Amino acid sequence: MSERKYLGVTQPIDINKSSKEDEIITEALLETLKEEKQFESEAESKNREVVLGKIDKLVKQFVYEASLKHKLTETLAKSCGGKIFAFGSYRLGVHGAGADIDMLCVVPSHVTRDDFFEIMVDLLKGRSEVSELTPVSSAHVPVIKMQFGGVDIDLTFASLNRPTIPDDFELLDNSILRGLDEKTIRSVNGSRVTDEILRLVPNIPSFRLALRCIKFWAKRRAVYSNSLGFLGGVAWAMLVARICQLYPNACAGTLVYRFFKIFLVWKWPRPVLLKAIENGPMHLRVWNPKFYEVDFEHKMPIITPAYPSMCATHNVSLSTRQIMGSELMRGLSIVERIMKGEAKWTDLFAKDEFFRRYKFYMQVNVTSTDEEASHGLHGFLESRIRQYLVGLENVEHILFVHPYIKSYDHTFVCNTDQEIQDIRNGNIPTQPNTPTPSKDADTPAAVDTNSNTANGENGSPAENAPALSDEAQSSEKNDSEQKRIFTSSFYMGLFLKKKSEVSGNSQRMDLSWHTQSFIGLVKKYENWDEQKMTIFIRSLRQEQLPDEVFEGGPRSLLDASEKKSSGKKRKSQTSENSASEKAAKKAKAASTYVPSTSGVSIEKKESENEIQKNTSESSGNDDSKPDADKPDAGPVALEAPVPQPAKSGGIKLKMLGSS
């Protein structure tokens, strides 16, 4: 029997090389990525190497101090070693300017995870080049997040059953997993999976360029986030690696085209595998939907190649899979035109219009009066918000929920306790400037305020919004007289069903139960401090969103001009009924969007004409759809079929139970 000469679980689809035309398109892709600054400069590269060297020395110091704590002699403590392993995008060679580095800290058996979150954290606090230090010990994979020398670092931990960790130690042997707990195995496998991906790719240069393209596309289209239910860097890398196995001699441009074409029609939950799942000698739990119900429930399984194989996409929900399907459809349409010379790569990378897609949004806000505590609270909320999304998916009126992958973080400078309390109560001032969402956004308090928690509408201030004074923004103000409060806001768009799709034509959508449950979950955070922290959740109509989320761009809903034109045409066809329709709308306006006393609810009013209009608008453009079959849960157009809210209506935006 001849030895298999291909990588992957099936034979390649095509082993031919790409055409000269495809190679020219690949060169254009490379130039576009360079113009988009997806490659770091030489200075940045050298700085990363310096940072890695410093952290390696710090890990050895940490092991030394932890060893002394556990009563080892000084001589033995010095010989215990310790080593760091880079993984993720940096190890794969696809990191860009400003990208973070995923790192694993490997230590001997006597050094514990508690030591890591005590001694190592204390050592990092003593370093002047460390900022935004955020230990997240309760995460699925415990991690210390920080910025070290200007580089974002995610540092995980693994204590192996070895007395020492020498500098030449490697993680390839499966025997190193013996006796480890699940959290440690997940931590170690981050590095093992990255190395295995590189081993299973036939053409690494083409793989890297194609992956850079897909990662950049996923970030620009807001579908790059493992914690929020999309795909993280490793999952996207495994998808691209699988395409490389199927087309081992193709150039990057061809790989990108095949990526969209194949995964648009992939029959989820059929898993994506880079190699056959192996059952190792230690009988560790491996992904198996036949034996484990939780594995059977995975919506979009992409299985890691290193033993023990796990699902890298367990956070994907029906909503996020649907959204990614729509983006794959859009991507294929554009790449097909690129291959024909009818479009450019910049068209593929157009920024997502998340805040112009939907008519209703949920805004989840947390505040803290302590800067260090705010980083931990932010990380905890980000790791748990998916559970709120899954709860909202079960609401009858909601077709799917679209989480935004970035938060909007601010530091407000206040002069009085009342100003602090106003923000804690949910009256977050409007940002006069338009910063991009980032973890280190530091925005002074604003004079012009707008609270959407009461009757504030279209930028007008609500009655109880805090009015922060000019002095609160002055850099000359004595810092000792100022108080700071740190806020983070996460957003989710709601895609609602049409009235005809709701059983009993129910008009009320009550979100209070799921909201109260999620607020209770957040307050179980181990470091929750009722005196320093608050959480409040509110629903917003699209026109009530703060200016900052539009980043200086248009605020109007997508295709608003087309809707207006279509509405005029329909109105002229039914002119004989226009007077009665106007009277009916006026009669309904007073009762539209009435808040529930048991929590937030949105009342949905649609006339038959509006239903017909929304049905036609949400059908999408058939010309942009590929000829191939759609996935089992086919993507839909992302236009929420909900009528425009009445101008006189006001949604009570603060949920009961928030504080």
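Residues numbered from 1 in each chain as written. Predicted model: local features only at pLDDT ≥ 70, side-chain atom pairs only at ≥ 80, totals over all residues. Heavy atoms only, no water.

## A short note on the overall build of the protein
Under the convention used in this document: Secondary structure elements are defined from DSSP: runs of H or I of at least 4 residues count as helices, runs of E of at least 2 residues count as strands, and each element is numbered from the N terminus. Burial classification: accessible surface area is computed with a 1.4 Å probe over protein chains only, and a residue below 20% of its type maximum counts as buried, one above 50% as exposed, and the rest as partly exposed.
Counting its secondary structure elements, the protein contains 18 helices and 12 strands. Scored against the burial criterion, the 659 residues of the protein give a buried share of 53%.

## Things to note about the side chain of Thr-194
Spelled out, the test is: For this analysis, a polar contact is any N or O atom pair within 3.5 Å, provided that within protein one partner can donate a hydrogen and the other can accept it, and provided that sequence-adjacent residues contribute only side-chain to side-chain pairs. Any pair of residues with heavy atoms lying within 4.5 Å of one another is described as a contacting pair.
Relative to the helices and strands, Thr-194 is located in helix α6 (residues 182–200). For Thr-194, a relative accessible area of 1% gives the class buried. Here the side chain of Thr-194 touches Gly-88 through a polar contact of 3.2 Å, landing on its backbone nitrogen. Apart from the residues within four sequence positions on either side, Thr-194 is in contact with Phe-87, Gly-88, Arg-91 and Leu-92.

## Things to note about the sheet that holds strand β2 (residues 101–107)
Rules: Should DSSP find at least two bridges between two strands, the strands are regarded as paired. Comment: axis = line fitted to C-alpha atoms, over the contacting stretch for helices; angle = value between 0 and 180 degrees taken between N-to-C directions.
With respect to topology, 5 strands assemble into an open sheet ordered β1-β2-β5-β4-β3, the strand pairing being mixed. Either end of the sheet is taken by a strand with one partner, and the two such strands are β1 (83–87) and β3 (130–136). On average, adjacent strands in this sheet sit at an angle of 25 degrees to one another, irrespective of strand direction. The sheet contact formed by β3 and strand β4 (residues 143–148) spans 5 bridges and is antiparallel. Paired with Pro-135 across the strands is Ile-144, a residue of β4.

## Observations concerning the pairing of β2
It is a general feature of regular strands that their side chains alternate between the two faces of the sheet. In terms of residue burial, β2 counts as a mostly covered element, since 7 of its 7 residues are buried. The two faces of β2 match: Ile-101, Met-103, Cys-105 and Val-107 on one face and Asp-102, Leu-104 and Val-106 on the other face are all buried. Pairing of β1 with β2, which is carried by 5 bridges, proceeds in the antiparallel orientation. By the bridge assignment, Ile-84 is partnered in β2 with Cys-105.

## Points about the pattern of salt bridges
Where we set the bar: Whenever a carboxyl oxygen of Asp or Glu lies within 4 Å of a side-chain nitrogen of Lys or Arg, that contact is scored as a salt bridge.
Per the counting criterion, the structure on display carries 30 salt bridges. The residue Glu-530 makes a salt bridge to Lys-523 at a minimum N-O spacing of 3.6 Å. For Glu-530, a relative accessible area of 39% puts it in the partly exposed group. Accessibility expressed as a relative area gives 25% for Lys-523, which makes it partly exposed.

## Comments concerning helix α14 (residues 417–424)
Among the residues of α14, Glu-419, Ile-420, Asp-422, Ile-423 and Arg-424 are the ones counted as buried. Among the residues trailing α14, Gly-426 stands out with phi positive, at a value near 110 degrees.

## Notes on the pairing of strand β8 (residues 408–414)
Most of β8 sits inside the fold, with 7 of its 7 residues counted as buried. Here β8 shows two buried faces, one formed by Tyr-408, His-410, Phe-412 and Cys-414 and the other by Asp-409, Thr-411 and Val-413. Alignment of β8 against strand β9 (residues 483–496), held across 7 bridges, turns out to be antiparallel. When the bridges of β9 are listed, Val-413 appears paired with Arg-484.

## A closer look at the packing of helix α7 (residues 204–220) against helix α8 (residues 233–246)
Note the following rule: We call two directions roughly parallel when the angle between them is under 35 degrees, roughly antiparallel when it is over 145, roughly perpendicular when it lies between 65 and 115, and oblique otherwise. By convention, the crossing between two helices is left-handed when the near helix turns anticlockwise from the far helix through less than a right angle, and right-handed when the turn is clockwise.
Taken N-terminus to C-terminus, the directions of α7 and α8 make an angle of 135 degrees; their axes are 10 Å apart at the nearest point. Taken together, the axes of α7 and α8 lie oblique to each other. Every pair of crossing elements has a handedness; the one defined by α7 and α8 is right-handed. Together, Phe-207, Ala-210, Leu-211, Ile-214, Lys-215, Trp-217 and Ala-218 of α7 and Gly-233, Trp-236, Ala-237, Val-240, Ala-241 and Cys-244 of α8 make up the contact between the two elements.

## Notes on the packing of α7 against helix α9 (residues 252–264)
The line we're drawing: Residue polarity is assigned by list, with Asp, Glu, Lys and Arg as charged and Ala, Val, Leu, Ile, Met, Phe, Trp, Tyr, Cys and Pro as nonpolar; anything else, Gly included, falls into the polar class.
Between α7 and α9, whose axes approach to 8 Å, the crossing angle comes to 50 degrees. Classified by the angle their axes make, α7 and α9 are oblique. The handedness of the crossing between α7 and α9 is right-handed. From α7, Ser-206, Phe-207, Leu-209, Ala-210, Cys-213, Ile-214 and Trp-217 reach across to α9, where they touch Ala-252, Leu-255, Val-256, Phe-259 and Phe-260. Within the contact of α7 with α9, the residues separate by chemical class into 11 nonpolar, 1 polar and no charged.

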